[in-house]
Amino acid sequence: MTLLKPHRVIREDRADGTILLRSGYGMSPPAARTTDWLDRWAAETPDALFLAERAGEGWRETPYGEARETVDALAGGLLAHGIAPGVPLMILSGNGIDHALLMLACQRIGVPSVPLAEQYSLIPGAEVYITDIARRVRPAMVYAADGAAFQRALGLEVFAGLPKLVSRNAGAAQIRLDVLAREGGDIREAAAAVGPDTVVKILMTSGSTSSPKGVETTHAMMCANQAQIADAFPFLGTRPPRLLDWLPWNHVFGSSHNFNLVLAHGGSMHIDAGKPVPQLVGETIRNAREIAPTIAFNVPVGFAMLRDAMRDDPALRERYFTDLDMLFYAGASLPQDIWADLEAMALEVRGDIPLFTSSWGLTETAPACLVQHEGTANVAGIVGVPMTGVTVKAVPDGDGRYEIRVKGPNVFKRYLNDPVRTAEAFDEEGFFLSGDAMRFVDAADMGRGLRFDGRLTEDFKLMTGTWVRAATLRLEILGALKGLVQDIALTGEGRDEVGLLAFPAAGLAHEPDDGAARLAPDAADEIRTRLAPWSTGGSATRIARVMILADPPSMAEGEVTAKGNLNFRRLLTRRAGLVERLYSDAPCVIRIGTDTP
């Protein structure tokens, strides 16, 4: 049976309307270093599976004892090649066993690893972002899993003269990882100098509303967060978690949250090379037929694809739900229809429902700060209550909405080489300014938790001075236009009407019109019909005009972040001419709430 703690929240009200929230539970003592977990399980359960990845029809498997030996050998090899503690190593490729072992080797001797989204290396034109980040980070070595596949990125001028480390298909002047592991020496002095405050990872923020920042992540931050997670979910101590997980390690949730969750509790991670996109979800489903997770982490679209696959596959449903303790969604709210379908499948398979939950946090908070650790009655979108050791500062933003600021042992101290934005990130009391807004589920009962209500930096003012709550409105519109558009960006800052630029879904027929697109009359009418509920009312929620974009968002031009999100500021800046056309009577503009074609 899944063990849960009921919510317990301490509230403090200030005269200015600010509310401070803390957990009513004390925080458990954290480990000092992430590598202490590796040492523990290598000693206690050396033969237990730690990491696995696909190798043909089977799996390459690495148990804890072998992992520790390889980590120490790699750490020695890094030192032998002159990689000094405190000087970063950049990782260009995605999730994999070698990536994991190299990352832990860096953490063993105090070398910050800097994982980047592999799309930057593999999509032509996106290498400019590798160059920009590398110039700021100034790495001493660069790693990619495949020397041939990543040849173009490894050959960038910014990496000239640096050692190039690869796992396979090594080219000239490239070092194979297994060779590096045989070249090492004594790591005891370097390892002994590593403490809780040593920076061992630099994670880049998503860059959806500004240029990416490098978050200096310490052992203390990551270890504190795992102690906080274990405080919220005591069942983690009853059996080692088993994950089948694709979430990328260049992002804080896949890396500091999920990977460390497995390591902290002596669990196992099967690395899923699939992703929730049509061309790769088949690999995820293939893996799910073999590996039964005890915790399932995913984004809502990923759960939607799994639900669709399980509808007509009783064996897959049985495999997926039998051992599941918790289903955890992140990135956005889980739509109610997906939630209801998954609950019904779980009931059919096992007669009860595992915990369906979510949390909230950022790269700067390592990541979790709020968590929903009580079961909810089929309600998505709640991000919960403060975790142990965290203080949440809720500052009134009007109409029952609060700006959220946080303080705790999992919160970062500085951005890499960026004192200005570091200073801007904290208020006068030392609370981190998250930039997110929330509402209380029940203002009279703090135990009901908080609900996410958008990014403050996405909000904008119309020329009337009226604020548009862009993030909330955007999610509503995306739901209304499901199947017609893939994504949207709201417009209207400094204007008198809210409009939107939309990227068409596959199958929405359109004719290119100088960067915009013209739809057939019936398709335009369908958009008008679906947006009718937003065609009246106040100006802050009224959609007046829509333009379908002919060209997809470009990662190479910075319109898409490493996480796959739109960079709204970059998109609107780069397509400023189309925004001007949107506020004209051009034939490509679909007027909403009017008979004008």
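Look up: the structure comes first, before these words.
A.B. asks: Help me understand the overall build of the protein chain in this model?
C.D. replies: Along the protein chain, the regular secondary structure elements total 19 helices and 31 strands. Its C-alpha atoms give the protein chain a radius of gyration of 24 Å, near enough to 25 Å, the size a compact globule of 597 residues would have. Its C-alpha atoms put the protein chain at 75 × 55 × 55 Å along the principal axes. Per-residue burial over the protein chain gives 56% buried out of 597 residues. In the protein chain, the proportion of contacts linking residues at least 24 apart, taken out of those at least 6 apart, comes to 67%.

A.B. asks: Would you mind showing me how to read helix H14 (residues 336–350) here?
C.D. replies: Spacing of three or four residues puts side chains on the same side of an α-helix, whose turn is 3.6 residues. In a regular helix each residue adds 1.5 Å, so 15 residues correspond to 21 Å; H14 covers 21 Å between its end C-alpha atoms and thus fits that length. Taken together, the buried positions of H14 are occupied by Ile338, Trp339, Leu342, Glu343, Met345, Ala346 and Val349. The buried residues of H14 all sit within an arc of 165 degrees when viewed along its axis, so they share a single face. The secondary structure elements touched by the buried residues of H14 are helix H12 (300–311), helix H13 (314–321), strand E15 (326–329) and strand E16 (355–357).

A.B. asks: So what exactly am I meant to see when it comes to the state of the cysteines here?
C.D. replies: Covalent bonding between the sulfur atoms of two cysteines defines a disulfide. Scanning the model with the defined rule gives 0 disulfides in all. Lacking any disulfide linkage, Cys106 is separated from the closest cysteine sulfur, that of Cys223, by 16 Å. Given the relative accessible area of 0%, Cys106 is considered buried. Take Cys223: it sits in no disulfide, and the sulfur closest to it among the cysteines is that of Cys369, at 16 Å. Classification of Cys223 by relative accessible area gives buried; the value is 1%.

A.B. asks: For this particular structure, what's the right way to read the sheet that holds strand E14 (residues 295–298)?
C.D. replies: Strand pairing in a sheet is mediated by backbone hydrogen bonds. Such pairs are either parallel or antiparallel. A sheet is described by the order of its strands in space; here 3 strands give the open sequence E14-E15-E16, paired in parallel fashion. Edge positions in the open sheet fall to E14 and E16, since each of these has one partner strand only. Averaged over neighbouring strand pairs, the angle between their axes works out to 10 degrees when direction is ignored. Here E14 pairs with E15 via 4 bridges, running parallel. Each residue of the ladder has a partner; that of Asn298, found in E15, is Tyr329. Packed on one face of the sheet, H12 meets E14 and E15 and runs near 120 degrees to E14.

A.B. asks: Would you take a moment to explain empty space enclosed by the protein for this structure?
C.D. replies: Empty space among the atoms can be located by rolling a probe the size of a water molecule over them. Overall, the coordinates contain 5 cavities of 30 Å³ or more when judged by the stated rule. Of the volumes computed, that of the second largest cavity is approximately 110 Å³. Lining the second largest cavity, in full, are Leu244, Trp246, Asp272, Thr284, Ala288, Pro293, Ile295, Ala296, Phe297, Asn298, Leu306 and Tyr320. At the level of secondary structure, the elements contributing two or more residues to the lining of the second largest cavity comprise helix H11 (281–288) and E14. Top contributing element to the lining of the second largest cavity by residue count: E14, with 4 residues. Taken together, the residues of the lining of the second largest cavity sort by class into 9 nonpolar, 2 polar and 1 charged.

A.B. asks: What's the story with the pattern of salt bridges in this structure? I'm lost.
C.D. replies: A side chain of one charge can pair with a side chain of the opposite charge when the charged atoms of the two come close. One pass over the structure, following the stated rule, counts 55 salt bridges. A salt bridge links Arg60 to Glu53; the nearest nitrogen and oxygen atoms lie 3.1 Å apart. The salt bridge partner of Asp98 is Arg60, with a shortest N-O separation of 3.0 Å. Note that Asp98 is positioned in helix H3 (residues 97–109) and Arg60 in strand E4 (residues 58–63), a separation of 38 residues in sequence. Asp98 sits in the buried class, given a relative accessible area of 16%. Each of the salt bridges in this network shares a partner with another, and the network as a whole consists of Arg14, Lys393, Glu403, Arg405, Asp427 and Glu429.

A.B. asks: Please explain the nonpolar core as it appears in this structure.
C.D. replies: Nonpolar side chains tend to gather and get buried jointly when the protein is soluble and globular. The biggest cluster of nonpolar side chains holds 87 residues, and the ones touching the most others in it are Phe50, Leu78, Leu89, Phe233, Phe259 and Trp360. Those residues in contact with Trp360 that sit more than four places away from it in its chain are Pro367, Ala368, Cys369, Leu370, Val383, Ile404, Val406, Ser434, Asp436, Met438 and Phe452.

A.B. asks: Before we go on, may I ask you to explain the packing of aromatic side chains in this structure?
C.D. replies: Here the distance between the centres and the angle between the planes together describe a pair of aromatic rings. Counting across every chain of the model gives 16 aromatic pairs. Taking the centre distance of 5.9 Å and the plane angle of 55 degrees together, the rings of Phe50 and Phe259 count as tilted. Of this pair, Phe50 sits in strand E3 (residues 49–55) while Phe259 sits in helix H10 (residues 252–264), and the two are 209 residues apart along the sequence. Since its relative accessible area comes to 0%, Phe50 is described here as buried. The exposure class assigned to Phe259 is buried, which follows from its relative accessible area of 2%. Members of the aromatic cluster, joined through ring pairs, are Phe50, Tyr64, Trp249 and Phe259. Note that Lys5 overlies the ring of Tyr25, its terminal NZ or CZ placed 4.7 Å from the centroid. Lys407 extends its terminal NZ or CZ atom over the ring of Phe431, reaching a point 4.5 Å from the ring centre.

A.B. asks: It is not clear to me how the sheet that holds E4 should be interpreted in this structure. Could you clarify?
C.D. replies: Spatially, the 4 strands line up as an open sheet ordered E4-E3-E13-E12, and their pairing is mixed. The open sheet terminates on both sides in strands that have one partner only, identified here as E4 and strand E12 (242–245). The mean angle between the axes of side-by-side strands here comes to 20 degrees, regardless of whether they run parallel or antiparallel. Bridge count for E12 against strand E13 (residues 268–271) is 4 bridges, and the pairing is parallel.

A.B. asks: Got a minute to help me understand the side chain of Arg545 in this structure?
C.D. replies: Structurally, Arg545 can be placed in strand E30 (residues 543–549). Given a relative accessible area of 7%, Arg545 falls into the buried group. At a separation of 2.8 Å, a polar atom in the side chain of Arg545 contacts the main-chain carbonyl oxygen of Leu582. Looking at Arg545, its side chain comes within polar contact range of the main-chain oxygen of Ser584, at 3.1 Å.

A.B. asks: Could you clarify how one ought to interpret the environment of Leu236 in this entry?
C.D. replies: Looking at where Leu236 falls in the secondary structure, it is placed in the loop between helix H9 (219–232) and E12. What makes Leu236 buried here is its relative accessible area of 3%. Taking the C-alpha atoms as reference points, Leu236 and Gln107, separated by 129 residues in sequence, lie 24 Å from one another. Setting aside chain neighbours within four positions, we find Leu236 in contact with Ile229, Ala230, Pro241, Leu261, His265 and Ile295.

Criteria and cut-off values
Residues numbered from 1 in each chain as written. Predicted model: local features only at pLDDT ≥ 70, side-chain atom pairs only at ≥ 80, totals over all residues. Heavy atoms only, no water. Helix = DSSP H or I, 4+ residues; strand = E, 2+ residues; numbered from the N terminus. Rg over C-alpha atoms; globule rule 2.2 N^0.38 Å. Buried < 20%, exposed > 50% of the residue type's maximum accessible area, 1.4 Å probe, protein only. Contact = heavy atoms within 4.5 Å. Expected span 1.5 Å × (residues − 1). Arc of directions from axis to C-beta. Disulfide = S-S within 2.5 Å. Pairing = 2+ DSSP bridges. Axes fitted to C-alpha atoms, helices over the stretch in contact; angles between N-to-C directions. 1 Å grid on protein atoms, 1.4 Å probe; cavity = no way out; pocket = protein on both sides within 12 Å on 5 of 7 lines; lining within 4 Å. Points joined across faces, edges and corners; volume = space filled by probe spheres on them. Nonpolar A, V, L, I, M, F, W, Y, C, P; charged D, E, K, R; others polar. Salt bridge = Lys/Arg side-chain N within 4 Å of Asp/Glu carboxyl O. Core = buried A, V, L, I, M, F, W, Y, C linked by side-chain atoms within 4.5 Å. Phe/Tyr/Trp six-rings, centres within 6.5 Å; stacked < 30°, edge-to-face > 60°. Lys NZ or Arg CZ within 6 Å of the ring centre and 35° of its normal. Polar contact = N/O pair within 3.5 Å; in protein donor to acceptor, adjacent residues only side chain to side chain.

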